[in-house]
Amino acid sequence: MHKILFLFIPFIVSLSLHAQETNNCSYELKGVVLDAETKEALPYALVSIKGTTQKVLTNIDGEFQLGDLCNATNCLIISCNGYCKTTCDASCKVHQTKEERSVIYLKPDVVSLDEVTVSEVSDIQGTLTVAQDLVDGEMLQIDPTQSLANALSNVEGVTFTSTGSNIQLPVIHGLYGNRVLLLNNGFKHGFQNWGSEHAPEIDIASANKVTVIKGASGVRYGPEALGGAIIVEGNPLNFNQSLRAKIGTGYQSNGKGYFANTEVSQGFENISYHVGGGYTRIGDRHAPDYSLTNTGKEEKAFNAGVKYKLKDFDFKLYYSFVDQNLGILRASITGNADDFERAIGADRPAIIKPFSYDINEPNQMIQHHLTTAEVNWWYSEEEKLTFRVGRQLNHREEYDVRRNSYKPIMNLDLTTTDYQLEWMHKKWFQLEGIMGLQFFTQDNDNLPGTDTTPFIPNYNTYRFSGFIIESLTKGKNTFEMGLRMDYENNNVRGYDIYKNVFRDDYTFVNLTTSLGFVRQLSDNATYRTNFGTAWRTPNVEELFAFGQHGFKYSFGMLRYYLNEDDEYKSDKVTPLSESDVKPERGFKWINEWNISKNTNDFTITAYTNYIENFVYERPYGPVGTVRGPMPGFFFDQSNALFIGGDFTWQKKWSEVLDGSLGVSYLWSWNVEKDEPLINQPPIRASYNLKWSIQPFWIIESAYLSVEPSYTFQQFQAPRTLEEDEIVTPESEIFDFTPAPEGYFLLDASCGFKVKQFSANLSVNNVLNTSYRNYLNQLRYFADDMGRNFLFSLNYNFNAK
C-alpha cells in the first residue's frame, strides 16, 4: 500500500500548486445556433470554448449561455449531428443582453466516407478528468460484420483478446472481461461475462457512437470498471428531424460473407422514433495457407426506440435483440493424447476441410434481449432528474464435439434487472455533478438436458449502490471528486463431483473513490489526471469453474485445494468464508497531456494500475478427460502491477493529406510471486496516412488511406513447459507454446460519395501475412485470418 501512496504524492502536490492560482473570470457569453439554409433553431448543438473544458448544449430554441469566462474574446467550437463543425470568435461582457448575443449559423454536412477513426469526445458527466476517446457510429457502419472489440482496437491503449475470429473482447490497458464495464444504452450489458470465450452481443451497426473511458470508472459505473468502461449509445432520437433512412449492404472475400442492414428514423415536435435491423452471414475464414474449418458466423439483429416529450418531461423506450450462431475452430478439439501433442503449436491445423457456410460443433448459439425505459424531468434547462429501468434476458447454448453432440454441453439463462435514479445538476453550491442510486440483480440458471455436470453453478446477485461525483471549476482549473458505496450479496447453488448439492452465500461492502484534476495549461495545451479506486468480486467462473469449456479444462479457486503432500485435489467445494479468496481492489492513476500546435496534435497518456488479489488463469498442464487430454488451467490470485503509456501524433501535412501515428506500451508483473503475467498485450505501433480527394466529376468526396502496423513479440511472456516437467504449486508460471513472433500488417481503404450513395473498399492484411496473435487463444492451433477484401455500399435518404 505504501507504493500506492508514494505514486499518489505528485498528484496531491500538483493539485495544491494549481489550486493556489486565482483568476478574474466573470465574463458571460450568450448566443443562438441556427441552420444556415432554413434559419431554424438547432437544439442540442454542442458549444465549447477552445482550450478549456467549458461546454454547453443549446436548448430547444437553439440558445446557449456560458458563464465564468476568463477572457473577453473566446474561440468557440460548435458541432451538431448532421452539420459541419464550425469555429468562430465571439466577444463577451460581464453582463450580456439578449440583443447582444452571438448568432451562429451551421451548414448541413455532406458526410465523406472514412475508415474507423477516433474523434474528439464530449466529456461524459462524472468522468471529466478521465482520458476518453470516441468512435463515431458512421465509421462503425462501414464494416458492420466486425466485432465491437475489433472496431475499438484503433484507439490507442485498446486492443482485444479472442477465441478465434468470432469471439473477441475489448482490452483496455491490459485488462478485459468483467474488469472492463460495458454499458449498452445506459445499462451494464448482462451477458455471460466470464472468461475470454464469451463476447458481448452488440450489433455495432445500430450504435450511434461508442465512448472508451480508459481510467478506473468504478465510482460512476460500479464494480468491474477496474480497467475502464465502454459506453455504447444507440440512436439519439432527436426531435424536429426529417424522415431519414439508411440502407447498407456489402460483401467480404474472406469467408465469402455478406450483410445487409437498415434504419429508419424521424422526429416531430414532441415525439420521435427509430427502427433498425441487420443480417450477417459468413462462412469458414481462411488463413494465408489453409482454410479455418468451422469458423463461420450468422447474426440477426433488430432494434427500435421511441421518445415522447412534454413540457418538462421526456419519456424513452428502447428494445434490441441479437441472435448469434458462432463457429469455433474445429481443430481446437482433439480426441486423444497423440492428436493433442500434434495439434499444440503445429504449423497447420489437424483438421482442414473445404469451405462451407455450415456451422457445426463446437459452436455457440446466443439470443440477447434488452428492454429499457427512461423518464427525464428537466426542472431547468441544464438540470434533470432521471429514472431508468432495464431488463435483459441472455440465453446461451454451447455445443461440443461428443457422441450426443445434438445436446448442448452448456445451456444457460441469465436474467438481469437494473433500476437507476440519477440527479444531474449545475451550480449547486458552485459545484456541478451527478448523484445516483442503483439496484441491480442477476439470476443465472442452468437448464436441464445437457447430460453434464454444470461448468458453473446457479447463482443470484443483488447489489445496492449509491454514488456522488462533483466538479468545481476555478478559472483554468477543474477539480473532480467522487464517492461510491456498494453492498453486494451472492447466493450460489451447484453440484460437486459426487453429484451432491453445495450452497454458498457471501456478501461484500465496498467504498470506491475517485479524485481528478484538469488544467488548461495554455490555449493549445491541456493536462488531466485522475486517481481512482475500483473493486470486483471474483466472477462465478473464477470461483466455481469445474470441467471442460471450449478447448481447455478449468478449475475455479474454490474447486481445488492442496493436500498434506502438496498435491492438487478437487473432490470438495470450499466455502468462500473458509478460503483465502478476496475481492480484487484496483488503484489506477492515469495522466493525459494534449498539445495542439499549428498542424500538429499530440496526446500522451501515462498510467499505473496496482491491483490487489488479481485473479488470473495459471496453466497447469495437459489434463486427461473422457474425450482426450486438454490444456488444464487453475485460477489463482496475486498482487499485480501494470505500468504503461499511449502516444498519438496527428499531423495535417497539407489541406488534403493527414497522418496519425500511434504507439501503445504496457509492462505488467506479478509482484507477489515475482514472475510475468500471461496473456498481456505486446507493444504495437501504427501509422495511418489519409488522402482526401477534392470533388470531381460526379464525386462529391473521396479518400484513399493506408495503415502499416507492427506488433512486437511479447517479450514478457512466461516460459514454455519443459518436456516431462512435473508441475508443483511452487513452479514458475509457464505457457504451452512460446509467444508468437512479431508481425507487420498493411491495411488499405478507399471510398467515395455520390449524392445519397456512398461506397467503401477496404483491404485488411494486404500482403497476406501469416501470423499468430498472442492474445488469440486459438494461436495454439492455427494462424490468424489472411487477406480480406470488404466492399460496402450505403444509401442515405433525408426527406429534408
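Everything quoted here is computed from the prediction, not taken from an experiment.

Rules of the game
Residues numbered from 1 in each chain as written. Predicted model: local features only at pLDDT ≥ 70, side-chain atom pairs only at ≥ 80, totals over all residues. Heavy atoms only, no water. Helix = DSSP H or I, 4+ residues; strand = E, 2+ residues; numbered from the N terminus. Rg over C-alpha atoms; globule rule 2.2 N^0.38 Å. Buried < 20%, exposed > 50% of the residue type's maximum accessible area, 1.4 Å probe, protein only. Contact = heavy atoms within 4.5 Å. Areas by Shrake-Rupley, 256 points an atom, 1.4 Å probe, with all protein chains shown as cover. Lys, Arg positive; Asp, Glu negative; His and termini not counted. Charge placed at Lys NZ, Arg CZ, Asp CG, Glu CD. Core = buried A, V, L, I, M, F, W, Y, C linked by side-chain atoms within 4.5 Å. Patch = residues over 30% accessible without salt bridge, like charges linked within 9 Å, V, L, I, M, F, W, Y side chains within 5 Å. Salt bridge = Lys/Arg side-chain N within 4 Å of Asp/Glu carboxyl O. Phe/Tyr/Trp six-rings, centres within 6.5 Å; stacked < 30°, edge-to-face > 60°. Lys NZ or Arg CZ within 6 Å of the ring centre and 35° of its normal. 1 Å grid on protein atoms, 1.4 Å probe; cavity = no way out; pocket = protein on both sides within 12 Å on 5 of 7 lines; lining within 4 Å. Points joined across faces, edges and corners; volume = space filled by probe spheres on them. Pairing = 2+ DSSP bridges. Axes fitted to C-alpha atoms, helices over the stretch in contact; angles between N-to-C directions. Polar contact = N/O pair within 3.5 Å; in protein donor to acceptor, adjacent residues only side chain to side chain. pLDDT = per-residue confidence, 0-100.

### Quick look at the overall build of the protein
For the protein, the helix and strand inventory stands at 6 helices and 43 strands. For 800 residues, the compact-globule formula gives about 28 Å, and the C-alpha radius of gyration of the protein, at 27 Å, lands near that figure. Judged by the C-alpha coordinates and their principal axes, the protein covers about 85 × 60 × 45 Å. By the burial criterion, 58% of the 800 residues in the protein qualify as buried. Pairs at least 24 apart in sequence give 66% of the contacts found in the protein among residues at least 6 apart. Surface exposure of the protein reaches about 33700 Å², of which carbon and sulfur atoms provide 56%. If the 71 positive side-chain charges of the protein are averaged to one point and the 97 negative ones to another, these points end up 4 Å apart.

### Quick notes on the nonpolar core
Counting 23 residues, the largest nonpolar core has Trp194, Tyr506, Leu543, Phe544 and Leu576 as its most contacted members. The residues touching Leu576, leaving out its near neighbours within four places in the chain, are Asp504, Tyr506, Phe508, Leu543, Leu558 and Val581. By size, the runner-up hydrophobic cluster in this structure holds 22 residues, among which are Leu292, Leu329, Phe736 and Phe781.

### Let's talk about a negative patch on the surface
Together, Glu564, Asp565, Asp566, Glu567 and Glu730 make up a region of like negative charge exposed at the surface. Assignment of secondary structure puts Glu730 in the loop between β39 (719-720) and β40 (734-735). A relative accessible area of 62% means that Glu730 is categorised as exposed.

### Here we look at the pattern of salt bridges
Going through the model one piece at a time under the given rule, you end up with 29 salt bridges. The salt bridge involving Glu263 is made with Lys246; its shortest N-O contact spans 3.4 Å. Taken together, the residues Glu263 in strand β17 (residues 257-267) and Lys246 in strand β16 (residues 241-252) connect sequence positions 17 residues apart. On the accessibility criterion, Glu263 (12% relative accessible area) is buried. Here Arg719 ties to Glu732 by a salt bridge, and the two come within 4.0 Å at their closest N and O atoms. Of the two residues, Arg719 sits in strand β39 while Glu732 sits in the loop between β39 and β40, which places them 13 residues apart along the sequence. Since its relative accessible area comes to 41%, Glu732 is described here as partly exposed. The network of salt bridges with common partners includes Arg179, Arg536, Glu542 and Glu584.

### Quick look at the packing of aromatic side chains
Tallied over the full model, the rule gives 38 aromatic pairs. When the ring of Phe355 is compared with that of Tyr357, the centres are 5.1 Å apart and the planes differ by 80 degrees; the resulting orientation is edge-to-face. With relative accessibility at 31%, the residue Phe355 sits in the partly exposed group. Grouping aromatic residues by their ring pairs yields a cluster made of Phe546, Tyr553, Phe555, Tyr560, Tyr568, Tyr620 and Phe634. A cation over an aromatic ring shows up here: Lys309 above the ring of Phe239, its NZ or CZ 4.8 Å from the ring centre. Note that Lys552 overlies the ring of Phe633, its terminal NZ or CZ placed 5.0 Å from the centroid.

### Comments concerning empty space enclosed by the protein
Under the defined criterion, the tally for this structure stands at 12 cavities of 30 Å³ or more. Here the second largest cavity is characterised by a volume of approximately 470 Å³. Forming the boundary of the second largest cavity are 34 residues, of which Asn178, Lys188, Asn193, Glu224 and Asn539 lie nearest the centre. Sorting the residues of the lining of the second largest cavity by element identifies β11 (167-172), β12 (180-184), β24 (431-446), β25 (458-474), β26 (477-495) and α6 (540-544) as the ones contributing at least two each.

### Quick notes on the sheet that holds strand β4 (residues 63-69)
With mixed pairing, the 3 strands of this open sheet are ordered in space as β4-β1-β7. On the outer flanks of this sheet lie β4 and β7 (102-106), each paired with one strand and no other. Averaged over all adjacent pairs, the angle separating strand axes in this sheet is 30 degrees, with direction ignored. Alignment of strand β1 (residues 27-35) against β7, held across 5 bridges, turns out to be parallel. Its bridge partner being in β7, Leu34 is matched across the sheet by Tyr105.

### Comments concerning the pairing of strand β19 (residues 297-309)
Regular strands place side chains that alternate from one sheet face to the opposite one. When strand β18 (residues 271-282) meets β19, the two strands line up antiparallel, connected through 12 bridges. Its bridge partner lying in β19, Gly276 is registered against Asn303. Count of turn residues in the β19/strand β20 (residues 313-327) antiparallel hairpin: 3 residues.

### As for unusual backbone geometry
The omega torsion across Glu361 and Pro362 is 0 degrees, close enough to zero to call that bond cis. Within the secondary structure, Pro362 sits in the loop between α5 (337-343) and β21 (363-377). For Asn294, which is not a glycine, the phi torsion comes out positive at approximately 70 degrees. Position of Asn294 relative to the elements: it lies in the loop between β18 and β19. With a phi close to 60 degrees, Asp451 is a non-glycine residue in the positive phi region. By the secondary structure assignment, Asp451 is in the loop between β24 and β25.

### Focus: the environment of Ile359
Structurally, Ile359 is set in the loop between α5 and β21. With 327 residues separating them along the chain, Ile359 and Val32 place their C-alpha atoms 56 Å apart. For Ile359, the residues in contact, after removing those within four places along its chain, are Asn294, Gly296, Lys297, Glu298, Asn325, Leu326 and Gly327.

### A look at the side chain of Asn539
Relative to the helices and strands, Asn539 is located in the loop between β28 (525-536) and α6. For Asn539, a relative accessible area of 9% gives the class buried. Within the local environment of Asn539, its side chain forms a polar contact with the backbone nitrogen of Glu541, the two atoms lying 3.0 Å apart. Ignoring anything within four residues of it in the chain, the contact list for Asn539 reads Asn178, Asn193 and Trp194.

### Structural notes on the confidence of the model for the protein
Looking at the protein, the pLDDT average stands at 88 and 91% of residues meet or exceed 70. Every residue in residues 110-123 is under pLDDT 50, and counting partners more than four places away or in other chains gives 54 contacts.

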